[in-house]
Amino acid sequence: MTIQQIITLRKESWCGVDYDLVHEWEDQFAFALNAELYYDTYKLRGGRILSRMPMIANLFQTNKPALKFRMLPLGNPPGDNKRNIYPIIVDFYLRSDEDLSRFYRSCDRNPVVYISSREIYEFLLMRGCPLPIRHLALSLPDKYRLVSLPPKMYDVVMLGRQNRVFMDYLEQYASAHSDFVYVYKGSDGYVDSRGERLGVLPDRASYWALLRSARVGLYATPGMDNARKDTNGFSQVTPRFLEYLAAGCHVLSRYVPNADTDYFELDIMSTRVQCYEDFSKALEAKMHAPIPIDSYTAYLNKHYTSNRINQIKNETIE
C-alpha cells in the first residue's frame, strides 16, 4: 500500500513549539513519499458529541492510507483507529497492564504501529503485545546535516528540560573557573552564567543558533536522575542527542544503559559521566579537543530522517 497522506495537527491552536520538530518530520515524509499533508480534525473528533461515538468519528478522519506522528500513545480522540492509518508513537511511557490494554484497544485496527523507542519496542514484545508493531527510531531532519563546524561562543549549552545533577556540576565547576561560560534554561528563558538574558528561543532557527554556539552539550535521557516522574522507569534517547552532534558539539551524557542507548551508541558517541570528578575531567578535555567531524558525519548518516523514510519504503506495508 502506498502512503498518500501525512496527517498533521499544525492547524490546531494548542499545537505549539513542542511540535515544531514533528512538523519538520511530516514535511520531509510528505515530500519524499509524494504524499499530501492532511490537516487533522482533532478538535472536532474530540468534541463532546463525537468523542462518545467512535464509529461516527471515523467519518471525520481521512480514508486514504496515511501516516500520523502521535506524541503519546493515549489521549487521542476517536477516529485514528482505522485500517488506513499507520501511527508513529513518539513518546511512550506506559507500563501497567491497564494502560497497555487501553493502548492495544486504541490501535487494534491499525495495520502497523511504529514504536520510536527501541527500549519500548523490546518491552512490548516481551509483554506479548498483540499489535503488529515495528521499530522506527526518531531521527534528525536532513536539512540539519553536519557540513562544517560553526564558531563557538559558549563553553556549554544545556537545552530543554534541565537535569538537576548536571546543573549542580555546572555550578560547582563555574565557581572554580571564572572564565567558564555556560547557558541554561531559566524560568523565563535562556540565561548565560554571566547573567545575560538570551530570551525564549521562539523558533527552530534561534534554537539551532544557540545550539551551534556551544563547544560542549550536556545530554541526559528523560528518566535519568528522576528528572521526570512520568517515565515509569523508561528512558528513551530523544532527538536532542542527534542535534548536539549535528551542531558540532562534544557531548557529556548521563544515562542508564538500555536498548535505546545501545541503538543510538551513546557509549561511543558521548562521554558518560557518573560523578562530579568524571564531569570535570571530561569537560576539561572536551572543551579543548577538536570535533571528530568524520566520525560524527558517518554516525549521523545513519540517523537522518531520510533513513527512516527508506525503512518504510523498503518494508512491506500491508
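Placed above this text is the structure.
This section reports on the structure supplied with the text. (Residues numbered from 1 in each chain as written. Predicted model: local features only at pLDDT ≥ 70, side-chain atom pairs only at ≥ 80, totals over all residues. Heavy atoms only, no water.)

**Observations concerning the sheet that holds strand 5 (residues 113-115)**
Here six strands make up an open sheet; going across it, the order is 2-1-3-4-5-6 and the pairing parallel. Whereas interior strands pair on both sides, the edge strands pair on one side only; in this sheet they are strand 2 (36-39) and strand 6 (133-135). The sheet shows a mean angle of 30° between the axes of neighbouring strands, direction not considered. In the sheet, strand 1 (residues 5-8) pairs with strand 3 (residues 66-70) via three bridges, with the strands oriented parallel. Within strand 3, the residue paired with Gln 5 across the bridge is Ala 66. (Pairing = 2+ DSSP bridges. Helix = DSSP H or I, 4+ residues; strand = E, 2+ residues; numbered from the N terminus. Axes fitted to C-alpha atoms, helices over the stretch in contact; angles between N-to-C directions.)

**Details of the environment of Pro 132**
Locating Pro 132 in the fold gives a position in the loop between helix 5 (118-126) and strand 6. Judged by its relative accessible area of 37%, Pro 132 falls in the partly exposed class. For the pair formed by Pro 132 and Val 113, sequence separation is 19 residues and the distance between their alpha carbons is 6.1 Å. In this view, Pro 132 contacts Asn 110, Pro 111, Val 112 and Val 113; residues no more than four positions away in its chain are not counted. (Buried < 20%, exposed > 50% of the residue type's maximum accessible area, 1.4 Å probe, protein only. Contact = heavy atoms within 4.5 Å.)

**Focus: helix 6 (residues 164-176)**
For helix 6, which comprises 13 residues, the first-to-last C-alpha distance of 19 Å matches the rise-based estimate of 18 Å (1.5 Å per residue) to within 8%. Buried within helix 6 are the following residues: Phe 166, Met 167, Tyr 169, Leu 170, Tyr 173 and Ala 174. One face of helix 6 carries all of its buried residues, which in axial projection span an arc of 160°. Of the exposed residues in helix 6, those oriented more than 90 degrees away from the buried face are Ser 175 and Ala 176. On its buried side, helix 6 packs onto strand 7 (154-157), strand 8 (182-186), strand 11 (214-220), strand 12 (250-254) and helix 11 (276-287). Its side-chain oxygen 3.1 Å from the backbone nitrogen of Val 165, Asn 163 forms the N-cap of helix 6. (Expected span 1.5 Å × (residues − 1). Arc of directions from axis to C-beta. Polar contact = N/O pair within 3.5 Å; in protein donor to acceptor, adjacent residues only side chain to side chain.)

**Remarks on the pattern of salt bridges**
Scanning the entire structure with this criterion turns up 21 salt bridges. Between Arg 145 and Asp 142 there is a salt bridge, with the nearest N and O atoms lying 3.2 Å from each other. On the basis of relative accessible area, Asp 142 is assigned to the buried category, the value being 17%. Note that Arg 197 and Asp 188 form a salt bridge whose closest N and O atoms lie 3.1 Å from each other. (Salt bridge = Lys/Arg side-chain N within 4 Å of Asp/Glu carboxyl O.)

**Things to note about the packing of helix 7 (residues 204-212) against helix 8 (residues 239-246)**
Following both chains from N to C, one finds helix 7 and helix 8 inclined at 60°, their axes separated by 9 Å at the closest point. Compared by their axis directions, helix 7 and helix 8 come out oblique. The element helix 7 and its partner helix 8 pack so that their crossing is right-handed. Across the interface between the two elements, Arg 204, Tyr 207, Trp 208 and Leu 211 from helix 7 touch Arg 240, Glu 243, Tyr 244 and Ala 246 from helix 8. Classifying every residue of the contact of helix 7 with helix 8 gives five nonpolar, no polar and three charged. (Parallel < 35°, antiparallel > 145°, perpendicular 65-115°, else oblique. Left-handed = near helix turned anticlockwise from the far one by under 90°. Nonpolar A, V, L, I, M, F, W, Y, C, P; charged D, E, K, R; others polar.)

**Some thoughts on the pairing of strand 12**
Most of strand 12 sits inside the fold, with five of its five residues counted as buried. Side chains His 250, Leu 252 and Arg 254 of strand 12 all project onto a buried face; the interleaved residues Val 251 and Ser 253 project onto the opposite face, where all are buried too. Here five bridges tie strand 11 to strand 12, and the two strands are oriented parallel to one another. What sits directly across from Leu 218, in strand 12, is Leu 252.

**Details of unusual backbone geometry**
With a phi angle near 55°, Leu 201 is a residue other than glycine that sits in the positive phi range. Mapped onto the fold, Leu 201 is located in the loop between strand 10 (197-199) and helix 7. Even without being glycine, Asn 232 reaches a positive phi, approximately 55°. Checked against the element boundaries, Asn 232 lands in the loop between strand 11 and helix 8.

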